[in-house]
Amino acid sequence: MEFIHIYHTNDLHSHLKRWPRIQHFLTSKRTQHEAAGEEFFLFDVGDFIDRWHPLSEATQGQGNIELLNEAGYTAVTIGNNEGINFPYEGLNHLYDNRDFDVVVANLYNSKNQHPSWLKPYNIYQTKNGTRIGVIGLTANFSLLYELLGWKLTNPIEELKRWMEPLKEDADIIILLSHLGLNHDERIAVDYPEIDVILGGHTHHALPDGKQIGQTLIAGAGKHGRFIGQVTLQVVDRKPIHQQAKLYNVMELPAVQDEKAVAKELYRKGKKLLNQTITTLTNDLPHDPFQETELSEILCRALREWCDADCAFINGGLILGSLSGTVTAYDLLTICPHPINPCKIHLTGKELTEVLLETRDENWSQRQITGLGFRGTIIGISVYDGITFDENNVIFINGMELELEGNYTLAIPDMFTFGHFFKEILPNKKKEYFLPEFLRDLLKWKLEK
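Residues numbered from 1 in each chain as written. Predicted model: local features only at pLDDT ≥ 70, side-chain atom pairs only at ≥ 80, totals over all residues. Heavy atoms only, no water.

**Comments concerning the packing of aromatic side chains**
Test applied: In summary, the pairing rule links any two rings of Phe, Tyr or Trp, Trp by its six-membered ring, whose centres are within 6.5 Å, and it sorts them by plane angle into stacked for under 30 degrees, edge-to-face for over 60 and tilted for everything else. Only DSSP runs of H or I with at least four residues qualify as helices, and only runs of E with at least two residues qualify as strands; both kinds are numbered from the N terminus onward. Buried means the residue's accessible area, taken with a 1.4 Å probe over protein chains only, is under 20% of the maximum for its type, while exposed means over 50%, and partly exposed covers the values in between.
One pass over the full model with this rule turns up 24 aromatic pairs. Taking the centre distance of 5.1 Å and the plane angle of 80° together, the rings of W305 and W444 count as edge-to-face. Here the residue W305 occupies a position in helix α10 (residues 293–306), and W444 occupies one in helix α13 (residues 438–447), the gap between them amounting to 139 residues. A relative accessible area of 25% means that W444 is categorised as partly exposed. The interplanar angle of 75° and the centroid separation of 6.2 Å between the aromatic rings of F312 and F421 together place this pair among those described as edge-to-face. One end of the pair, F312, is in strand β16 (residues 310–314); the other, F421, is in the loop between β23 (406–412) and β24 (430–432), with 109 residues separating them in the sequence. Look at F421 and you get buried, because its relative accessible area is 4%.

Here it is in structure tokens:
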């Protein structure tokens, strides 16, 4: 009989305050299991990197890779924050200095080949000869990957393709799934030969795991609040018992100087971002519930960048004011969102419906999480090329909107991902502009 201990993290999103404690715990557990002659594996299930953090932004993710190396990860898969929040070359070289494996079965380059830095799956062998096959899948944002130069295939079809060789090569199969809990549950039903699914993307925390047939599903929440552990009891190279648990990171023993270490990671990134963008002669204050010169500048930059007839943003996108010398760190601080510009083609009637919704009295108070938004509240709508008279008649660049006309509208891409304007936007032609974030547009406009 052998015991195989699998530790896992997911969706850390560069929340590095807890990282010193996480790393210390994982290092201690590795020492403990190896001293007992037991197997230790450590996996991350994606979105470890998030460019809101100065270290991640300044090093283009390389600082995060160093942390994974220091903790001794066995393998990782990528999440959408690694996959679509870097330019092509940024992702292509993100893992150049890694000391671990990267497994992603459904990512290909423009030549329809897996890039050299990843494998669809990898096989690990224990001291007793048990072969563990680990395959990775990432969320299917195929259009955005394509715009960056990658090809992302359907993860379920890719899984089906690799299951036969995996079953031949491995005694135990583990899936690193950055697909979300609903997909994981469906996979467990359709692919009972998978022993363990370590999940992420939907930030689900499963304190005891979830058993579906022969498959154990595990998930460790988000932002480093939990570390997951799955223990397999194996006889004759087959698991006879499997158990999942979560460790609450803040209930783990404190680590000496942990706050200072986390602050140093932040300070290091801040120092690297201390590059002057411009020097302002007038202050640019911020107010999510008032149209300000700063929000107008960002909205105008969005319209111009997308070459659209008109644009709107939400005032809650800007999280702070600017004054005096403006650095790259300042722009990251006030606009940390990994949100891209998007241009949508609409009829006048459709544009009217969208714009009137943004003027609803409850709109500015709506709270949102996810979709790349790193603020808390939508805030007031800010427009460029759009005006309203006292009767709510809409004018586009001074001309009254024609219901039968055709228009282009530039917006932050988060408004296209299913939570807003559900009756209109899902089936409309959209042009996403990658890899630029909104703060890149703000930088471009301020430099001009």
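**Describing the packing of α10 against α13**
Stated formally: Where helices are involved, their axes are fitted lines through C-alpha atoms of the stretch in contact, as for all axes, and angles between N-to-C directions lie from 0 to 180°. Between 65 and 115 degrees an angle is taken as roughly perpendicular, under 35 as roughly parallel, over 145 as roughly antiparallel, and anywhere else as oblique. Only heavy atoms enter the contact rule, under which two residues are in contact if any of them lie within 4.5 Å. Residues are grouped as follows: Ala, Val, Leu, Ile, Met, Phe, Trp, Tyr, Cys and Pro are nonpolar; Asp, Glu, Lys and Arg are charged; every other residue, Gly included, is polar.
Relative orientation of the contacting elements α10 and α13 amounts to 100°, with a least axis distance of 9 Å. Classed by the angle they form, the pair α10 and α13 counts as roughly perpendicular. In this structure, α10 uses L294, I297, L298, R300, A301, L302, E304 and W305 to contact α13, whose residues at the interface are L438, L441, L442, W444 and K445. Grouping the amino acids of the contact of α10 with α13 by side-chain chemistry returns ten nonpolar, no polar and three charged.

**Some remarks on the environment of F415**
Along the chain, F415 turns up in the loop between β23 and β24. Along the sequence, F415 and L118 sit 297 residues apart, while their C-alpha atoms lie 32 Å from each other. Apart from residues lying up to four places away in sequence, F415 is in contact with F312, N314, W363, F420, F421 and L425.

**Describing the pairing of strand β7 (residues 131–138)**
Basically, it comes down to this: Two strands make a pair as long as DSSP finds a minimum of two bridges between them.
Where burial is concerned, most of β7 is hidden: seven out of the eight residues are buried. Across five bridges, the pairing between strand β6 (residues 121–125) and β7 is antiparallel. Looking across to β7, one finds that I123 is bridged to G133. In textbook terms, the turn of a hairpin is the stretch between consecutive antiparallel strands, and for β6 and β7 this stretch comprises five residues, one of which, G129, has a positive phi near 90°. When β7 meets strand β9 (residues 172–178), the two strands line up parallel, connected through seven bridges. When the bridges of β9 are listed, G136 appears paired with L176.

Distances and angles like these do not, on their own, reveal function.
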